[in-house]
Amino acid sequence: MATLVCGFFVALTWLGAIFIRPILRVLIRSQGDINGVLGNLVSIYGIFYGILMGLLAVAAYQNKVDVEQAITTEGIALFAYFRNISAYPEEARRLLQESARDYTRFVINNEWPQMQQGELAKGGLPLINRMQEQLTKFQPKGAGEFILHQESTQQFYKFLEMRALRLLSAKSGIPGIMWYVVMLGALVSIFLIWLFNMSLVAHLILGGLMSFFVGSMISLIIVLDRPLRGEYGIDPENFRILLN
């Protein structure tokens with residue numbers, strides 16, 4: 001993906017430098033010191049576009065950190081729930097623990113591949129309903145079991161809350177209107193490069209470097225903006241450890 005994005009911007013810059021730049025030079029040839037005028041314009045423009053790209057990169061990174069935190073918290077809550085029900089009577093404990101294992105396997109083998117494709121994971125609700133039904137059916141006897149059951153219930157609903165946040169994260173991301181602005185800014189940057197009065201070789205080298213960096217920044221934001229998607233997305237390692 002990064003190769004395609006960077007290659008697209010570099011190729012666009014080079015093609016424009018070869019075919020469009022001569023036309024632009026004819027249109028602005030009457031302007032004296034065009035490089036000085038463009039230099040001032042690029043300095044001002046670069047501040048705004050650079051701030052935008054930097055803020056988007058930070059926002060996308062923070063989104064990935066939040067998703068990782070939600071996944072970790074979900075795993076911790078599920079682990080605490082599993083440890084609590086380990087102290088239940090034998091019959092209730094066996095059913096509750098097996099349901100928790102089934103859910104963890106489902107997350108690893110079914111939900112995660114769906115989220116990596118950018119889809120809203122489906123099919124986990126029956127397992128959740130089974131866990132909830134088994135938990136609510138248990139009738140504690142004595143103060144000790146009541147406190148333990150209360151804590152188990154609290155951890156169960158905390159784990160459900162973090163699960164919902166993880167599932168919604170598969171679809172969350174930077175709004176489309178901001179991507180339009182980013183792409184428009186990249187095209188304006190390339191257009192300004194075409195206007196400079198330089199040799200063709202200088203255009204190819206300097207314009208190519210700038211376009212490559214812009215493409216790299218956009219690729220970085222795309223990867224961070226979809227923390228669960230693709231080969232470099234967050235993997236279900238926490239749940240594999242939890243299952244073991």
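Note: the structure precedes this text.
These numbers come from a predicted model, not from an experiment.

Thresholds applied
Residues numbered from 1 in each chain as written. Predicted model: local features only at pLDDT ≥ 70, side-chain atom pairs only at ≥ 80, totals over all residues. Heavy atoms only, no water. Helix = DSSP H or I, 4+ residues; strand = E, 2+ residues; numbered from the N terminus. Buried < 20%, exposed > 50% of the residue type's maximum accessible area, 1.4 Å probe, protein only. Areas by Shrake-Rupley, 256 points an atom, 1.4 Å probe, with all protein chains shown as cover. Lys, Arg positive; Asp, Glu negative; His and termini not counted. Charge placed at Lys NZ, Arg CZ, Asp CG, Glu CD. Expected span 1.5 Å × (residues − 1). Arc of directions from axis to C-beta. Contact = heavy atoms within 4.5 Å. Salt bridge = Lys/Arg side-chain N within 4 Å of Asp/Glu carboxyl O. Axes fitted to C-alpha atoms, helices over the stretch in contact; angles between N-to-C directions. Parallel < 35°, antiparallel > 145°, perpendicular 65-115°, else oblique. Left-handed = near helix turned anticlockwise from the far one by under 90°. Phe/Tyr/Trp six-rings, centres within 6.5 Å; stacked < 30°, edge-to-face > 60°.

Section: the overall build of the protein chain
- Tallying secondary structure elements over the protein chain gives eight helices and zero strands in all.
- For the protein chain, the α and β elements follow one another from N to C terminus as α-α-α-α-α-α-α-α.
- The principal-axis extents of the C-alpha atoms in the protein chain amount to approximately 95 × 30 × 25 Å.
- Per-residue burial over the protein chain gives 39% buried out of 244 residues.
- A total accessible area of about 13,800 Å² is found for the protein chain, and carbon and sulfur atoms account for 66% of it.
- Across the protein chain, the 20 positively charged side chains and the 18 negatively charged ones have centroids separated by 6 Å.

Re helix α4 (residues 125–137)
- With 13 residues, α4 ought to run about 18 Å at 1.5 Å a step, and its terminal C-alpha atoms sit 18 Å apart, in line with that.
- Looking only at α4, the buried set comprises L127, I128, M131, Q134 and L135. All buried residues of α4 project into a common sector of 135° when viewed along the axis, lining one side. Exposed positions of α4 whose direction lies more than 90 degrees from the buried face are L125, P126 and K137.
- Packed against the buried residues of α4 are α2 (34–85), α3 (90–116) and α5 (142–169).

Focus on the environment of I222
- Take I222: it is sitting in helix α7 (residues 200–225).
- In the structure, I222 is positioned 130 residues away from A92 in sequence and 46 Å away in space, judged by C-alpha atoms.
- Those residues in contact with I222 that sit more than four places away from it in its chain are M1 and W179.

Remarks on the pattern of salt bridges
- Enumeration according to the criterion identifies 11 salt bridges in this entry.
- One salt bridge in this structure joins R101 and E98, with 3.5 Å as the shortest N-O distance. Placement of both R101 and E98 in helix α3 is noted, with a separation of three residues, approximately one turn of the helix.
- On the basis of relative accessibility, which here comes to 35%, the residue E98 falls in the partly exposed class.
- Among the salt bridges present, the one from E111 reaches R166, with a minimum N-O distance of 3.0 Å. Taken together, the residues E111 in helix α3 and R166 in helix α5 connect sequence positions 55 residues apart. Taken individually, E111 and R166 each receive the classification buried, so the pair is uniform in this respect.
- A cluster of three or more residues bridged by salt bridges with shared partners is formed by E98, R101, D102, R105 and R130.

Details of α5
- Over its 28 residues, α5 runs 41 Å from end to end, which matches the ideal 40 Å to within 8%, given 1.5 Å per residue.
- Taken together, the buried positions of α5 are occupied by H149, S152, Q155, F156, F159, M162, R163, R166, L167 and S169.
- Those residues of α5 that are buried are in contact with α2, α3, α4 and α8 (237–243).

Some remarks on the packing of α4 against α5
- It is at 11 Å that the axes of α4 and α5 come closest, and there the two elements cross at 165°. Considering the angle they form, α4 stands roughly antiparallel to α5. The handedness of the crossing between α4 and α5 is left-handed. Two secondary-structure elements touch here, α4 through L125, I128, M131, Q132 and L135 and α5 through H149, S152, T153, F156, Y157, F159, L160 and R163.

Notes on the environment of I28
- Its place among the elements puts I28 in the loop between α1 (2–27) and α2.
- A relative accessible area of 24% places I28 in the partly exposed class.
- Note: C-alpha distance between I28 and L195 (167 residues apart in sequence) is 8.3 Å.
- Excluding residues that lie within four positions of it along the chain, I28 makes contacts with I34 and L195.

Side note on the packing of aromatic side chains
- Evaluation of the coordinates by the stated rule reveals nine aromatic pairs.
- A ring pair is formed by F8 and F9, whose centres lie 5.3 Å apart and whose planes are at 70°; its orientation type is edge-to-face.
- Ring geometry for Y45 against Y49: centres 5.8 Å apart, planes inclined by 10°, an arrangement best described as stacked. Linking Y45 with Y49, this pair stays in helix α2, spanning four residues, or about one helical turn.

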